[in-house]
Amino acid sequence: MTDLLGDINGVIWSNWLVYLCLAAGVYFSVRSRLLQVRHFPEMIRLLARGKKSPSGVSSFQALAMSLAGRVGTGNIAGVATAIAFGGPGAMFWMWAVAFLGASTSFVESTLGQIYKTRDPLTGEYRGGPAYYFSRAFAHTRARRYFTVYGFIFAAVTVLACGVLLPGVQANSMTAAMGNAWDVPSWAVAVGTVIVLAFVVIGGVKRIASFATLVVPLMAVTYVIVAMIVVFINAEKIPAVLSDVFSSAFGLHSTFGAVLGLAVMWGVKRGVYSNEAGQGTGPHAAAAAEVSHPAKQGLVQSFAVYVDTLFVCTATGFLILSTGAYRVFDNGSESGDVLADGGILAAGAEVGPAYTQSAFDSVFPGIGASFIAVSLAFFCFTTMVAYYYMAETNLRFIVGRFATVRLGGQRGVTIGRATTLGLQAVILVASAYGCVSTASGAWTLGDIGVGLMAWLNILGILVLQQPAFAALRDFERQKKQGLDPVFDPLALGITGATYWETYDPKGEPVKA
């Protein structure tokens, strides 16, 4: 089974997916005229504004929900893995996929807002790739094909976020706690299930409140402490930067042999971490209460920067500046060691142990515990976000049958029953991840990420026009000094049923 899953992962994460992620980012960046640069001040401004209602959450809460899914073990264990199997140059390609992916994130998140809807069972906003694929072409001859495509994406997302991905987070959290405090994996599993059950049963509002409280605090704290360690080793930063850029292009004498792996692992772990193009961001984006979809699209673009350019960079510099790395020559731990920073214990497993060793080199006896606590927050909030995305897509799959064909109390009962079933599944998957092997957990996680990325990126390359129409409309209204309000019919966008009846309670006002 392990070999079979490895073969499946190899097919999904072939070079073609790497090329697709980079090419889509380049294309969307060019077509948007580098919106990730032009609108950076607007991204910051929008975070402080926005509103919430009984149906939706604020822009900041939606950003926090999105970051809860993005900032996880990929920012700690994932960066260590990228450096171990791709060399320091993998850091550059993580930056590249983040910069380019910010435009991809805008497109997918704006589409998520345009085609969002209200959940008939809870009244909350729901949206994501499954919704925009099925609704955007509802009035065209291609509606049948894209409805099927939407259902396929929804099914894959339920599988990925409900079964395959939670185990990666749980496994890294368990490994870090075991390294720091010798906590048995079964104990971590029990604790995770209890706390996770309390949060996910509370619904999207409890998830948003939890994420808003925890995510900013944990991310800022981690980056500050990591930068303290980096500054203590400031004299090594020039050498670190030299290694990163020279090995990124095959110019480094030691790491030149792993140039292809640097690109692959940089993109692979970059997408895993910042999720640009994966199709997860639109779910949180759709939950926000905004007057124009482009507003939340820009906010979600900023989330990519926070995840990779801030948190992942802090981890990468931390590992490289302290020498807490070991680079292998064939993309796995079975290969020969190309380089060793010199402070890792013999046989240290690739993952949280690298970052823990880096912190311990400066704060002996404290570093391992700090990473264990950080990962507990990072991984737990990510598992919560995974549940929200899985639930949203489950609602999409069963919603029509439960509320339209059956209707009434019977439909509501079936909808709630499927939700309870999903909650049970993700709790079991998380518990299993705590006691499984790291390699097995990462293989399953990569399969989930890769499947979603293939389906979503190919889909938004077809369905991109509404997002760019919304961007042009947003920019036009901003130039007129207005607070942009979205009218899909005026832009020739069909299928955006929520916005067709949207009432901003007054005309656009001066910004």
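Not measured: the values here are computed from a predicted model.

Cut-offs used in this document
- Residues numbered from 1 in each chain as written.
- Predicted model: local features only at pLDDT ≥ 70, side-chain atom pairs only at ≥ 80, totals over all residues.
- Heavy atoms only, no water.
- Helix = DSSP H or I, 4+ residues; strand = E, 2+ residues; numbered from the N terminus.
- Contact = heavy atoms within 4.5 Å.
- Axes fitted to C-alpha atoms, helices over the stretch in contact; angles between N-to-C directions.
- Parallel < 35°, antiparallel > 145°, perpendicular 65-115°, else oblique.
- Left-handed = near helix turned anticlockwise from the far one by under 90°.
- Nonpolar A, V, L, I, M, F, W, Y, C, P; charged D, E, K, R; others polar.
- Salt bridge = Lys/Arg side-chain N within 4 Å of Asp/Glu carboxyl O.
- Buried < 20%, exposed > 50% of the residue type's maximum accessible area, 1.4 Å probe, protein only.

### Here's the deal with the side chain of glutamine 113
Part 1 of the reasoning: Inspection of the secondary structure puts glutamine 113 in helix α7 (residues 89–114).
Part 2 of the reasoning: Leave out the neighbours within four places in its chain, and glutamine 113 touches Ala285, Ala286, Ala288, Val290, Pro293, Gln296 and Trp499.

### Some words on the packing of helix α6 (residues 77–86) against helix α16 (residues 293–322)
Part 1 of the reasoning: Where α6 meets α16, the closest approach of the two axes is 9 Å, and the angle between their N-to-C directions is 50 degrees. Taken together, the axes of α6 and α16 are oblique relative to one another. Read as a crossing pair, α6 and α16 show a hand that is right-handed. Together, Val79, Ala80 and Ile83 of α6 and Cys312, Thr315, Gly316, Ile319 and Leu320 of α16 make up the contact between the two elements.
Part 2 of the reasoning: Grouping the amino acids of the contact of α6 with α16 by side-chain chemistry returns six nonpolar, two polar and no charged.

### Topic: the pattern of salt bridges
Part 1 of the reasoning: Counted under the stated rule, the structure contains 10 salt bridges.
Part 2 of the reasoning: The partner of lysine 478 in a salt bridge is glutamate 42, and the shortest N-O contact between them spans 3.6 Å. With lysine 478 in helix α21 (residues 465–479) and glutamate 42 in helix α4 (residues 40–47), this residue pair connects regions lying 436 residues apart in the sequence.
Part 3 of the reasoning: The class for lysine 478 is partly exposed, based on a relative accessible area of 26%.

### A short note on the packing of helix α2 (residues 15–31) against α7
Part 1 of the reasoning: Close contact between α2 and α7 brings their axes to 8 Å; oriented N to C, the two are set at 65 degrees. Taken together, α2 and α7 sit at an angle that is classed as roughly perpendicular. Between α2 and α7 the crossing geometry is left-handed. Contact residues: α2 offers Leu22, Ala24, Gly25, Val26, Phe28 and Ser29, while α7 offers Val97, Leu100, Ser103, Thr104 and Val107.
Part 2 of the reasoning: A per-class count over the contact of α2 with α7 returns seven nonpolar, four polar and no charged.

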